[in-house]
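The chain contents come next:
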Amino acid sequence: MAPAQNPIISRHVAVIGAGAAGLVTARELRREGHTVVVFDREKHVGGLWIYSPKAESDPLGLDPTRPIVHSSVYESLRTNLPRECMGFRDFPFVPRGDDVSRDPRRYPSHKEVLAYLRDFAREFNIEEMIRFETEVVRVEPVNEKWRVRSKNSGGFSDDEIFDNVVVCSGHYTEPNVARVPGVKSWPGKQIHSHNYRVPGPFKNEVVVVIGNFASGADISRDIAKVAKEVHIASRSSDPAMYEKLSVPTNNLWTHSEIETACEDGSIVFKNGKVVYADTIVYCTGYKYYFPFLETNGYMSIDEDNRVEPLYKHVFPPALAPGLSFVGLPAMGIQFVMFEIQSKWVAAVLSGRVTLPSQEKMMEDLIASYATLEALGVPKRHTHRLGKIQCKYLNWIAEECGCELVEPWRGQQVDRGYERLVSNPEHYRDEWDDDDLIEEAYEDFARKKLISSRPSHYLETGR
Ligand SMILES: Cc1cc2nc3c(=O)[nH]c(=O)nc-3n(C[C@H](O)[C@H](O)[C@H](O)COP(=O)(O)OP(=O)(O)OC[C@H]3O[C@@H](n4cnc5c(N)ncnc54)[C@H](O)[C@@H]3O)c2cc1C
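Numbers given for residues are sequential positions, taken from 1 along each chain in its written order. In view of the model being predicted, local features appear only for residues whose pLDDT reaches at least 70, and side-chain atom pairs are presented and counted only at 80 or more, with totals across whole chains, interfaces and linings using the full set of residues.

(A) Broad picture of helix α5 (residues 334-350). Its 17 residues give α5 an end-to-end C-alpha distance of 24 Å, which sits within 8% of 24 Å, the value for a rise of 1.5 Å per residue. Working definition of burial: number of other C-beta atoms within 10 Å of the residue's own, with buried at 20 or more, exposed at 12 or fewer, and partly exposed in between, all C-beta atoms being placed from the backbone. Only DSSP runs of H or I with at least four residues qualify as helices, and only runs of E with at least two residues qualify as strands; both kinds are numbered from the N terminus onward. Within α5, 15 of the 17 residues are buried, leaving the element largely enclosed by the surrounding structure. The first or second residue beyond α5 is G351, which carries a positive phi of 90°. What a helix is expected to span follows from its residue count: subtract one and scale by 1.5 Å.

(B) How the structure looks around unusual backbone geometry. Of note, the bond from E308 into P309 is cis; its omega dihedral lies within 30 degrees of zero at -5°. Secondary-structure assignment places P309 in the loop between β20 (307-308) and β21 (323-325). A cis geometry characterises the amide bond from A320 onward to P321, with omega recorded as 0°. On the secondary structure map, P321 appears in the loop between β20 and β21. Positive phi is not limited to glycine here, since N125 has a value of about 50°. Along the chain, the position of N125 falls in the loop between α3 (110-123) and β3 (130-131). In this model, N296 sits at a positive phi of 50°, which is unusual for a non-glycine residue. The exposure class of N296 is exposed, given the 8 C-beta atoms found within 10 Å.

(C) Examining the packing of helix α8 (residues 407-422) against helix α9 (residues 434-446) more closely. Axis angles are defined between N-to-C directions and span 0 to 180 degrees, where every axis is a line fitted to C-alpha atoms and, for a helix, only to the segment in contact. The interhelical angle for the contact between α8 and α9, taken along N-to-C directions, is 150°, at an axis separation of 10 Å. Our classification of the angle between α8 and α9 gives roughly antiparallel. Where α8 crosses over α9, the two elements pack in a sense that is left-handed. In contact with W408, Q411, Q412 and R415 of α8, α9 contributes L436, E439, A440 and D443. Taken together, the residues that form the contact of α8 with α9 break down as 3 nonpolar, 2 polar and 3 charged. Reported orientations rely on four angle classes, namely roughly parallel under 35 degrees, roughly antiparallel over 145, roughly perpendicular from 65 to 115, and oblique for the rest. For any helix crossing, the convention is left-handed if the near helix is rotated counterclockwise from the far helix by under a right angle, and right-handed if that rotation is clockwise. Two residues qualify as being in contact provided that their C-beta atoms, derived from the backbone, are within 7 Å of each other. All amino acids are sorted into three groups, where Ala, Val, Leu, Ile, Met, Phe, Trp, Tyr, Cys and Pro are nonpolar, Asp, Glu, Lys and Arg are charged, and the leftover types, Gly among them, are polar.

(D) Structural view of the site of the ligand. Around the ligand, the surrounding shell holds 32 residues, and the nearest of these are G17, G19, G47, T79 and G170. Elements with a contribution of two residues or more to the shell around the ligand: α1 (20-31), β4 (134-142) and α5. Top contributing element to the shell around the ligand by residue count: α1, with 3 residues. Taken together, the residues that form the shell around the ligand break down as 15 nonpolar, 13 polar and 4 charged. Being near a molecule or strand means, for a residue, that its backbone-placed C-beta atom lies within 6 Å of it.

(E) Summary view of the pairing of strand β17 (residues 279-282). A pair of strands is treated as paired once DSSP finds two or more bridges between them. In the sheet, strand β9 (residues 189-192) pairs with β17 via 4 bridges, with the strands oriented parallel. Of the residues in β17, the one forming a bridge with I191 is V281. Pairing of strand β10 (residues 206-210) with β17, which is carried by 4 bridges, proceeds in the parallel orientation. Each bridged residue has a counterpart across the sheet, and for I210 the counterpart in β17 is Y282.

(F) Broad picture of the domain arrangement of the protein. Residue ranges labeled as domains rest on an automatic or database domain assignment. Here the domain parsing of the protein yields domain 1 (12-174 + 286-409) and domain 2 (177-282). Each of domain 1 and domain 2 has a C-alpha centre, and these two points are 32 Å apart. Contacts between domain 1 and domain 2 engage 14 residues on the former and 14 residues on the latter. Taken together, the residues that form the side of domain 1 that touches domain 2 break down as 7 nonpolar, 5 polar and 2 charged.

(G) A look at the environment of P248. The topology assignment puts P248 in the loop between β12 (242-245) and β13 (252-255). On the basis of neighbour counts, which here come to 13 C-beta atoms within 10 Å, the residue P248 falls in the partly exposed class.

(H) Spotlight on the sheet that holds strand β1 (residues 12-16). With respect to topology, 5 strands assemble into an open sheet ordered β3-β2-β1-β7-β21, the strand pairing being parallel. Across the chains shown, the open sheet's two edge strands, defined by having one partner strand only, are β3 and β21. Examined bridge by bridge, β1 and strand β7 (residues 164-167) share 4 bridges and lie parallel to one another. Note that in β7 the partner of I16 across the bridge is V167. Together, β1, β2 (35-39) and β7 form the strand contacts of α1, whose direction differs from that of β2 by roughly 170°.

This is the structure we're talking about:
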């Protein structure tokens, strides 16, 4: 879409959330000349990366009235991406040699990510735009504008009118609990990974972990350090799948899916194996959830977790550009996605870039659904971009005239995921892509984003 010829317009914009997506969105909106108010119910910036030892009262997160604990981070969590490709593009996530309290590892702990986001907020003076401890409880369109109702920690409610609302409220808080046949009468404990923090409570237990991707792989190994046995149930093309893993603790097995859970405490896997378990841990992902959003039925989230209708996962056609979403797709380079999507939103709101007509956006969306179906992609993966993430981001980047994703970034993600799958125990500490690390630091140096020589990081930054 060609840049529009209109004069640049400044809008009054509400941003919901001060996690990584909300922080960079606020920055991009302000850079484009908009005035911004960011709402967050927490006391600090960082969203998901604010670790809380406290978990929710309902371990499966099924009770809609439960007090929410936003973060799903567990104590031992380290990033699942190398830091070079994870950070925002003009504020690289490099080790801070000047501060001994920081974690210089290539895949650092969650504390280092939070520290990085705080650095980012400080560097760009973002906190001055944020209202902390203020929850958005309702967002609705009124006369071409948007009414935002918020409630602060003192119980004070306020209604304000904004030209636009950008939703950056995250999507890793509302558990998706896999259906296990027979589980209603199974007598053991059940918990979703959202409420998992430390392995201690599983000492000497037999534990079944459902799900074997990033969180499942991590949590099963964390629990195996203290448990008697850990059995991982994973979606596998081979129902007979069964393997004992000798690392890291010699008490870990992988199985195909669960066939049924029984009243006598046993769990039967599709491979025919039976274990008597104390606890099931569901590492089965999350649901999109926007309880504050009132669109008179225009938008919905179906049972397959598809948020619709959303043009390019950002704009609901009939409500665009009044309402937009930054951070919805699940992909590797999340922070870079937030940055590029928010540049697009900022440019559309100012009139520098125009969106296609509502009809054209719907046509595009329907065609994209048809393509997914023809490719056999399950509906529940609508917002999972996987291998097409760089293509998607580059399309938006071209649309709003910003730099395309550096090829080394996409390659680091791909190589990192290959390592995660082939070597889940050690993928964070053993790698074979030094060439890509070098390329990243040379790129940062060329763009004058780091003050030391690239070789300094290569020598010391691990
Ligand atoms: C276990 C786990 C590990 C991960 N590891 C990585 C990793 O290694 N690398 C990576 O790049 N990504 C990782 N991710 C993805 C991660 O979620 C994103 O990187 C990113 O931090 C999400 O940012 P966000 O701003 O979209 O959401 P969040 O960080 O969740 O922030 C949303 C904010 O919105 C606020 N909020 C929500 N609702 C309201 C409301 N109604 N009113 C006011 N405020 C509200 C919340 O308080 C929160 O501060 C991981 C995710 C999980 C679950």
